[in-house]
Amino acid sequence: YKIVLFIMALVPSALSTVLFPYYSRGNITRQRELFGQAFWLSFSISIPIGLLTLLFLPTFIGLFFPAYVASVYLAPFFILAMISNVISTSIDPLLNGTNKFYVGIKALLISIPINLFLTMWLTKIYSIHGTAVALLVSSLVLNSLFLYFAKREFDLDISPNQLYKLNFLGKLKNKKVGIRS
């Protein structure tokens, strides 16, 4: 779980390092454009990672951690929660770079009571299954609120069309590659 979470957080974190200067300079138009592209790039990378994890997780757990094979069926809850966490990982640098971290605090203040209530209620009734569902629901609520508040604050365009603006291959074809001697 921690390894997959690290891999999924690596892409948005790396992108945020590159995009942070644009966020902190205050170029709002460029911020919106870059954020939409970085958001969809991160999201589109995290989905295959999540699916590959689901595909190979039973084998991996069976080989290295045979005592935990019974808990593999809970993995889809955690994988979906990790994929939704890509949203907040993408939004954090934008909030911090523009000194509007309070947007994230609002999302946390709303989602924490929901998480506590669901965890206590569902765990008491359904044991570990309830905890997994509570984690997934509270993660989806938190990240949806992050996205909603950030979109409202910055008037962000996060339509899937932003993904099509990422034309890496076209840019590579047009560049002349030279070798220095």
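Each remark here, short or long, concerns the structure printed above.
This structure is a prediction, so every number in the text was calculated from the model and none was measured.

Caption draft 1: Focus on the packing of helix α4 (residues 102–126) against helix α5 (residues 128–154). Close contact between α4 and α5 brings their axes to 8 Å; oriented N to C, the two are set at 165°. Here α4 lies roughly antiparallel to α5, going by the angle between them. Classified by chirality, the crossing of α5 by α4 is right-handed. When the residues that make up the contact of α4 with α5 are grouped by side-chain class, the tally is 19 nonpolar, nine polar and three charged.

Caption draft 2: Structural view of the nonpolar core. The biggest cluster of nonpolar side chains holds 23 residues, and the ones touching the most others in it are Phe35, Phe39, Ile91, Leu156 and Ile158. Contributing elements (two or more residues each) for this core: α2 (28–64), α3 (75–97), α4 and α5. Of all the elements, α3 adds the most residues to this core, at eight residues.

Caption draft 3: Spatial organisation of unusual backbone geometry. In this model, Ser127 sits at a positive phi of 60°, which is unusual for a non-glycine residue. Mapped onto the fold, Ser127 is located in the loop between α4 and α5. Classification of Ser127 by relative accessible area gives partly exposed; the value is 46%.

Caption draft 4: Up close: the side chain of Ser111. Note on placement: Ser111 falls in helix α4. Excluding anything up to four places from it in sequence, Ser111 contacts Val141, Leu142 and Leu145.

Caption draft 5: Layout of the pattern of salt bridges. All told, the structure shown has one salt bridge when counted by the stated rule. Its salt-bridge partner being Lys100, residue Glu153 comes within 3.3 Å of it at the nearest N-O pair. Here Glu153 is found in helix α5, whereas its partner Lys100 is found in the loop between α3 and α4, with 53 residues between them in sequence. By relative accessible area, Lys100 is classed as partly exposed at 25%.

Caption draft 6: How the structure looks around the packing of aromatic side chains. Tallied over the full model, the rule gives four aromatic pairs. When the centroid spacing of 6.0 Å and the interplanar angle of 65° are considered together, the rings of Phe60 and Phe65 count as edge-to-face. Considering the side-chain rings of Phe117 and Trp121, the 5.8 Å spacing of their centres and the 15° angle between planes classify their relative orientation as stacked. On the criterion of helical spacing, the pair formed by Phe117 and Trp121 is a turn pair, its members being four residues apart in helix α4. Taking the relative accessible area as the measure of exposure, Trp121 reaches 46% and is therefore partly exposed. By way of ring pairs, the aromatic residues Phe60, Phe64 and Phe65 are connected into one cluster. Directly above the aromatic system of Phe149 lies the positively charged group of Lys106, at a separation of 4.8 Å from the ring centroid.

Procedures and definitions
Residues numbered from 1 in each chain as written. Predicted model: local features only at pLDDT ≥ 70, side-chain atom pairs only at ≥ 80, totals over all residues. Heavy atoms only, no water. Axes fitted to C-alpha atoms, helices over the stretch in contact; angles between N-to-C directions. Helix = DSSP H or I, 4+ residues; strand = E, 2+ residues; numbered from the N terminus. Parallel < 35°, antiparallel > 145°, perpendicular 65-115°, else oblique. Left-handed = near helix turned anticlockwise from the far one by under 90°. Nonpolar A, V, L, I, M, F, W, Y, C, P; charged D, E, K, R; others polar. Core = buried A, V, L, I, M, F, W, Y, C linked by side-chain atoms within 4.5 Å. Buried < 20%, exposed > 50% of the residue type's maximum accessible area, 1.4 Å probe, protein only. Contact = heavy atoms within 4.5 Å. Salt bridge = Lys/Arg side-chain N within 4 Å of Asp/Glu carboxyl O. Phe/Tyr/Trp six-rings, centres within 6.5 Å; stacked < 30°, edge-to-face > 60°. Lys NZ or Arg CZ within 6 Å of the ring centre and 35° of its normal.

None of this, on its own, says anything about what the molecule does.
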